[in-house]
Every structure is written in structure tokens, then in C-alpha cells.
Amino acid sequence: MKFIVIGLGYFGSTLAISLIEQGHEVIGVDNRWNRVDELKNLIPNVMEMDTTNEQAVKTLPLDDTDSVIVAIGEDVGSSLLTLSILQNLGVKNIIGRVISPIHQNILKQIGIEHTVHPEFATAIRVGLKLQLRDAIDVFELDDNNVIAEFKVPSKYDGHTVGTMNLTQRFKLRLMAVKTPSSQRGVMSIISKNEYMTNFEPSDEMVVHESDVLVLAGSMNDMKKFAAE
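Residues numbered from 1 in each chain as written. Predicted model: local features only at pLDDT ≥ 70, side-chain atom pairs only at ≥ 80, totals over all residues. Heavy atoms only, no water.

**Points about helix α1 (residues 10–21)**
Okay, so step 1: The end-to-end C-alpha separation of α1 is 16 Å, in line with the 16 Å expected for 12 residues at 1.5 Å each.
Okay, so step 2: If you check which residues of α1 are buried, you get G12, S13, A16, I17 and L19. One side of α1 carries all its buried residues, which in axial view fall inside an arc of 160 degrees.
Okay, so step 3: Within two residues after α1, G23 carries a phi angle of roughly 95 degrees, on the positive side. (Helix = DSSP H or I, 4+ residues; strand = E, 2+ residues; numbered from the N terminus. Expected span 1.5 Å × (residues − 1). Buried < 20%, exposed > 50% of the residue type's maximum accessible area, 1.4 Å probe, protein only. Arc of directions from axis to C-beta.)

**What to know about the confidence of the model for the protein**
For any part of a model where pLDDT is low, the fine detail of the predicted coordinates should not be relied upon.
Okay, so step 1: In the predicted model, the protein carries a mean pLDDT of 88, and 94% of its residues have values of at least 70.
Okay, so step 2: Across residues 183–192, where pLDDT falls below 50, the model places 11 contacts with residues more than four positions away in sequence or in other chains. (pLDDT = per-residue confidence, 0-100. Contact = heavy atoms within 4.5 Å.)

**Here's the deal with the side chain of T51**
Okay, so step 1: Along the chain, T51 falls in the loop between β3 (45–48) and α3 (54–57).
Okay, so step 2: Among the polar contacts made by the side chain of T51, one reaches the side chain of T82 at a distance of 2.9 Å.
Okay, so step 3: Those residues in contact with T51, other than ones at most four positions away along the chain, are I6, V29, V57, I72, T82 and I85. (Polar contact = N/O pair within 3.5 Å; in protein donor to acceptor, adjacent residues only side chain to side chain.)

Have a look at this one:
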């Protein structure tokens, strides 16, 4: 798939690099030459452009792109103008980054249906992590259920998956086991892709403290596991 990411701050650049690593084609756009220069070795197709200029935006391959993500952060005026220009040019799938409820309401009023609020999502994840001692990361599924990542507790180092008995003891489902990867290239460092993931761990699989368990279940059951 092909994407255009406009605004290469932390969120925009991380998104662009992640999409590239997944095998997608990405054009990164920012109005700061120094930022473009910083990212040229990580985002092969990166360019300096003032996207509040409609004539400049017209030079982008908008008809040959699956989605355009406007990831501009604090400069709300530039974000809104860029989004309006993209709409006027008939771009079908536009995703806008929002930084506040007011910003989101404005985007809805001008017809931007797809939005992302990375700061809000991060705040939720931080709140969940604070409730689960030693959790590496937590993802909310609904009001009651989460997916959480934990390093293998030291007392299970060298044990098999079956001996942990996670389903019967904690009512948790083991979704995957992540083991440290020996591949430490630039892209893996930037994206924090430090592990190889086994989505079908057998009961006989031996785990170690350096491994990560990916668990799914209710928040209450996850707390019981974390407190063990």
C-alpha cells in the first residue's frame, strides 16, 4: 500500500518508519528542511513542502495513494488548512491527527471523519500500565478486557508454557511469546522491534526471563497475575 504522511514530528516520523518497516511505500512531507534532512536515511521518499500551499500539494501523487495522514501537531492552523486543501482536491481517505477535543470537533465540522489522537491513546495506556505492576505495555480492548505484555517472571525462568497454567490459574489467554531477536539493524532500533514473535506457543515451549508473554483477559484477572 502507499501512504503520504504530512508532518514529521515524533508521531508522524514514527508512523512513517513503522509503515515502511511493514513493507509499505511512504512519502514523508514536512515544511522544515532540517527535519527532512534528519530523516532522509530512514524515510527514503521524504521532501520539504509547505502543505498550506495548494499548488505545492497538487504535485503529490494523491490519486495513487491509499491514505494521506496529516500528522501535524501543535500548528492547528496549518493542520486545518492542509486538510481543507486535501478535501478540495478530492482525496478520498484522509486521516487527521487531533490534539484536543475542540480540534476534533472542527475536523468533524469540515468533514474529516477519520481522526487519531495519539496523546489521548498514550494517556490511556499509561493509566493502564500504572495499574499493572511490571507490565511492559497494555492495550485496551473494551471497558473490561485488555492485552498486556509482561516479562516472564523469574520464578518461571526455564519452565514450560504448560507449567505456568495461565488459563486455569488466572483465566488469561496466552496470545504469543516474544523472544529476543538477534537482528538489531537501524530500523529495528527505531521501531523497538527487538523481539521475534511466536503466535502459536506450545505447552512444551521453554520460556526465560528475557522473553515476553502477550496475555489477553479481564483487567481484574490481569491484576491478579501481576500481583503474584
